[in-house]
Amino acid sequence: MPDNQDIPAEQAPLPDKETMPQGTAPPDIPYPQADPETTIGLTQPETADMELHHQPHIHHKKKWKDYLFEFFMLFLAVSAGFLVENQREHYVEHLRAKDYAAMLRKDLSSDTVIMNIISNFRSEQQKRYDSLRNMIDSVPFEKINQQQFVTLASSVGKYLHLIQNNGTIQQLKSSGALRYFKDTALVYTLTSYEEDLKHNEYVQQEEKEYSAEKVTPFKLIHFNNKSIEPGVAGTAPQNFPKEMMIDFDKKTMMQFYNLLDRSAEFNKMLGEPNFTPHKIKAASLIKMLIEEYHLE
């Protein structure tokens, strides 16, 4: 029988517990170790052989042409955005300018209508002033027809004043929207028109003060109001004696003549010759607004 030492380790018999003497611990026999190659082969998943191979990134060094191209594209994008925004602002400003142009046209047309009314009134007023002058110059004081005199004299100091429709112009100036109008000739004519009417307002204020301080008090003292305005008092002029219509003497007549002369001067300054250049400018502005903004 061959010796146990000659038996390979993997075939060596295990010691029997019954044959071992009592009190003897069984020897430590190592368990067989698995082959690493076999273990890896058994535990590795089947997909291990399907390993993905990624292409390595190839980094090229940029040339100056690449930087120049990137800069050009960035510049082009910024410029395009700027141009689009600029065009949008111009479009919005043009729409606002068109709205203001329509408002200005309405104001100028209204001014022109009022100027025509005032011019007609002052033309008739001038005729009454001329008749009064002729009467005083040609007829002796004692022989003046008081009825006719009072009828004409009642109009002395009366006036119609132009109140400019300048709301749109003031709004344009205060808000800075006057820059919406790109036509410099239009802007110049508009500002010139406004300045001219400001001077006109100054003369109107002088006439108003003169009438209130000089003419009206004189008429209240020396004229019979019922004779001047019979419809208001409800009494006809014929119910009063002619000598009661006016309280005049030669000195009073001279005072009245001076009042008449000053009133006629105001009437002439604010009459048709005064409004003619204003109406010409207003008509020119309306034409420019219609052509520039295609107003209907």
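Colleague: Before we move on, can you summarise the overall build of the protein chain with the specific residues and values?
Modeller: Summing up its helical and strand segments, the protein chain has nine helices and zero strands in all. Counting only residues that meet the buried cut, the protein chain has 29% of its 296 residues in that class. Of the contacts formed within the protein chain by residues at least 6 apart in sequence, a portion of 83% connects residues at least 24 apart.

Colleague: Just give me the short version of the environment of Leu259, but keep the residues and values in it.
Modeller: As for its position among the elements, Leu259 is in helix H8 (residues 250–269). Looking at Leu259, the relative accessible area reads 11%, which means it is buried. Note: C-alpha distance between Leu259 and Lys214 (45 residues apart in sequence) is 7.6 Å. In contact with Leu259, other than residues within four places in its own chain, are Tyr210, Lys214, Val215 and Phe218.

Colleague: Residue-level account of unusual backbone geometry, with values.
Modeller: Across the chain, the bulk of peptide bonds are trans and the bulk of non-glycine residues have phi less than zero. Positioned with a positive phi, His294 is a non-glycine residue whose angle comes to about 55°. Checked against the element boundaries, His294 lands in the segment after helix H9 (272–293). Of the residues examined, His294 reaches a relative accessible area of 62% and is grouped as exposed.

Colleague: Let's hear about the packing of aromatic side chains: which residues, and what values?
Modeller: Tallied over the entire structure, the rule returns eight aromatic pairs. Taken together, the ring pairs connect Phe149, Phe218, Phe223 and Phe256 into an aromatic cluster.

Colleague: So what's going on with the confidence of the model for the protein chain? Which residues, and what values?
Modeller: As a note on interpretation, predicted positions should not be read in detail where pLDDT is low. Looking at the protein chain as a whole, the pLDDT averages 79, with 73% of positions reaching at least 70. Mean pLDDT across the secondary structure elements of the protein chain bottoms out at helix H7 (residues 230–233), with 45, and peaks at H9, with 94. Every residue in residues 1–11 is under pLDDT 50, and counting partners more than four places away or in other chains gives two contacts. A low-confidence stretch, residues 230–237 (pLDDT under 50), is modelled with nine contacts involving residues beyond four sequence positions or located in other chains.

Colleague: Outline H8, listing residues and values.
Modeller: For H8, with 20 residues, the first-to-last C-alpha span of 29 Å sits near the 28 Å given by 1.5 Å per residue. Taken together, the buried positions of H8 are Thr252, Met253, Phe256, Leu259, Leu260, Ser263, Ala264, Phe266 and Asn267. Buried residues of H8 fall within an arc of 155° about the axis and therefore sit on the same side. Opposite the buried face of H8, at more than 90 degrees from it, the exposed residues are Lys250, Lys251, Met254 and Lys268.

Colleague: Tell me about the pattern of salt bridges, residues and numbers included.
Modeller: Here the idea is simple: oppositely charged side chains can pair when their charged atoms come close. Within the structure shown, the criterion is met by 11 salt bridges. One salt bridge connects Arg133 with Asp261, and the closest N-O pair in it is separated by 3.1 Å. One end of the pair, Arg133, is in helix H2 (residues 64–138); the other, Asp261, is in helix H8, and 128 residues separate them in sequence. Here Arg133 falls in the buried class, since its relative accessible area comes to 18%.

Colleague: So, the packing of helix H5 (residues 184–222) against H9: which residues are in play, and what are the values?
Modeller: At their nearest, the axes of H5 and H9 sit 10 Å apart, and the two run at 155° to each other. Taken together, the axes of H5 and H9 are roughly antiparallel relative to one another. Here the hand of the crossing between H5 and H9 comes out left-handed. Taking contact as the criterion, the partners of Ala185, Leu186, Thr189, Leu190, Ser192, Tyr193, Asp196, Leu197 and Asn200 in H5 are, on H9, Asn274, Phe275, His278, Lys281, Ala282, Leu285, Met288 and Leu289. By residue class, the composition of the contact of H5 with H9 is 10 nonpolar, five polar and two charged.

Reading the values: the criteria
All chains use their own residue numbering, which begins from 1 and follows the written sequence. Only residues with pLDDT of 70 or above have their local features reported here, since the model is predicted, and side-chain atom pairs are shown and tallied only from 80 upward, although totals for entire chains, interfaces and linings are computed over all residues. In computing side-chain properties, one takes all heavy atoms of the structure into account and sets aside hydrogens as well as water. Each helix is a run of H or I in the DSSP string that is no shorter than four residues. Each strand is a run of E no shorter than two, and both are numbered from the N terminus. With a 1.4 Å probe rolled over the protein chains alone, any residue whose accessible area is under 20% of its type maximum counts as buried; one over 50% counts as exposed, and the rest are partly exposed. By definition, residues are in contact when any of their heavy atoms lie within 4.5 Å. Each Phe, Tyr or Trp ring (for Trp, its six-membered ring) is paired with any other whose centre lies within 6.5 Å, and the angle between the two planes then decides the class: stacked below 30 degrees, edge-to-face above 60, tilted in between. Every residue gets a pLDDT, meaning the predictor's confidence in that residue, from 0 to 100. To estimate the expected span of a helix, count its residues, drop one, and scale the result by 1.5 Å. Along the arc lie the directions from the helix axis toward the C-beta atoms. The salt bridge definition used is simple: a Lys or Arg side-chain nitrogen within 4 Å of an Asp or Glu carboxyl oxygen. With axes taken as lines fitted to C-alpha atoms, and helix axes fitted only over the stretch in contact, angles between N-to-C directions fall between 0 and 180 degrees. Just so you know how the angles are binned, under 35 degrees is roughly parallel, over 145 roughly antiparallel, 65 to 115 roughly perpendicular, and the rest oblique. A clockwise turn of the near helix away from the far one marks a right-handed crossing, whereas an anticlockwise turn of less than a right angle marks a left-handed crossing. Only Asp, Glu, Lys and Arg are considered charged, only Ala, Val, Leu, Ile, Met, Phe, Trp, Tyr, Cys and Pro nonpolar, and every remaining residue, Gly among them, polar.

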